[in-house]
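A structural walkthrough
In case you want the letters, here they are:
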Amino acid sequence: MTTYAKQYYQAHKGEFATKRKVHYQLRKEEELATMKIYYQNHRDDILAHTKLYYQANKGDRQSYARKYYLDHKEEERMKRRLYYSLHKNESKINNRQYHLAHKEEISTQGKQYYQTHKEDIKEKGKLYRQNHKEEIRAKKKAYYLAHLAENRQRNLIYRESRRLDLKQLKIKVLTHYGNGNLVCVKCGYSDLRALSIDHINGGGTEHRQNLHRGNFYHWLDEQNYPNGYQTLCMNCQFVKRSFNNELINPREVK
Ligand SMILES: [Zn+2]
């Protein structure tokens, strides 16, 4: 009999296992459904209880959570990183949406946090910079070297455009005060490099010293070309100053 039962079990092993599985699945569904109904009927009770329990054990739970975090720091960090890399786009969109919806709140919170932790933050930053001196220097250097060509090109373009702008402005202003021609109003000399603006009634040096080099042309343009100025070449300016005894060092022309 025993042998027969054993034989029967062996022959129908798979069948039995499936039956057990099905039975378990059916009970599982049933149990879950019962629990769900119970939860729905006692929801407020359960929530209140949970809250009470949480409040009563808050310190414990927090310290436990902290301990757990410290014990599993790297693990948790890896998990977060993995999760983020798997849900990157999703996370990004979610973060952005959250940020947009809570913009004011986040900004205020951040400001408040900074105000209350100002010294801490400063101290931490200082410490970090002290402890990572070499690292920071290396990073800066690497960044500088990686962007060297780019920076040089940008600076070159910027300087060139500034130079062109200034040249165009100079031509515009000198032409206006040359009575419509880019020439010295006294002798007709026309080389841009030797032309500049003269205060007809003097006082130019002082005025020009109050403005930066080049800004004098900007100033005239901004003031919409006021009267009292003329375009002169350096020769004519020199002669005029000598005549008016306006030279900075009169001994030079004895
Ligand atoms: Zn001249």
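The notes below deal with the structure included here. The structure displayed is predicted, hence computed values, not measured ones.

The first and last C-alpha atoms of helix H7 (residues 103–116) sit 20 Å apart over 14 residues, in line with the 20 Å expected at 1.5 Å per residue. Of all the 14 residues making up H7, 0 are buried; the element is thus mostly uncovered.

Right, let's get into the environment of Asn235. Take Asn235: it is sitting in helix H13 (residues 234–244). Distance in space between the C-alpha atoms of Asn235 and Cys187 is 9.2 Å, their sequence separation being 48 residues.

The next thing to look at is helix H5 (residues 73–86). The terminal C-alpha atoms of H5, which comprises 14 residues, lie 20 Å apart, in line with the 20 Å expected from a rise of 1.5 Å per residue. Buried residues are scarce in H5, accounting for 0 of its 14 residues.

So, on to the environment of Phe243. Within the fold, Phe243 resides in helix H13. Phe243 sits in the exposed class, given 9 other C-beta atoms within 10 Å. Through-space distance from the C-alpha of Phe243 to that of Arg129 is 64 Å; in sequence the pair is 114 residues apart.

Here the focus is the pairing of strand E1 (residues 195–199). Counting buried positions along E1 gives 4 out of 5 residues, so the element sits mostly inside the fold. The pairing of E1 with strand E2 (residues 229–233) spans 5 bridges and is classified as antiparallel. Note on E2: the bridge partner recorded for Asp198 is Gln230.

Procedures and definitions
Residues numbered from 1 in each chain as written. Predicted model: local features only at pLDDT ≥ 70, side-chain atom pairs only at ≥ 80, totals over all residues. Helix = DSSP H or I, 4+ residues; strand = E, 2+ residues; numbered from the N terminus. Expected span 1.5 Å × (residues − 1). Buried ≥ 20, exposed ≤ 12 C-beta atoms within 10 Å, placed from the backbone. Pairing = 2+ DSSP bridges.

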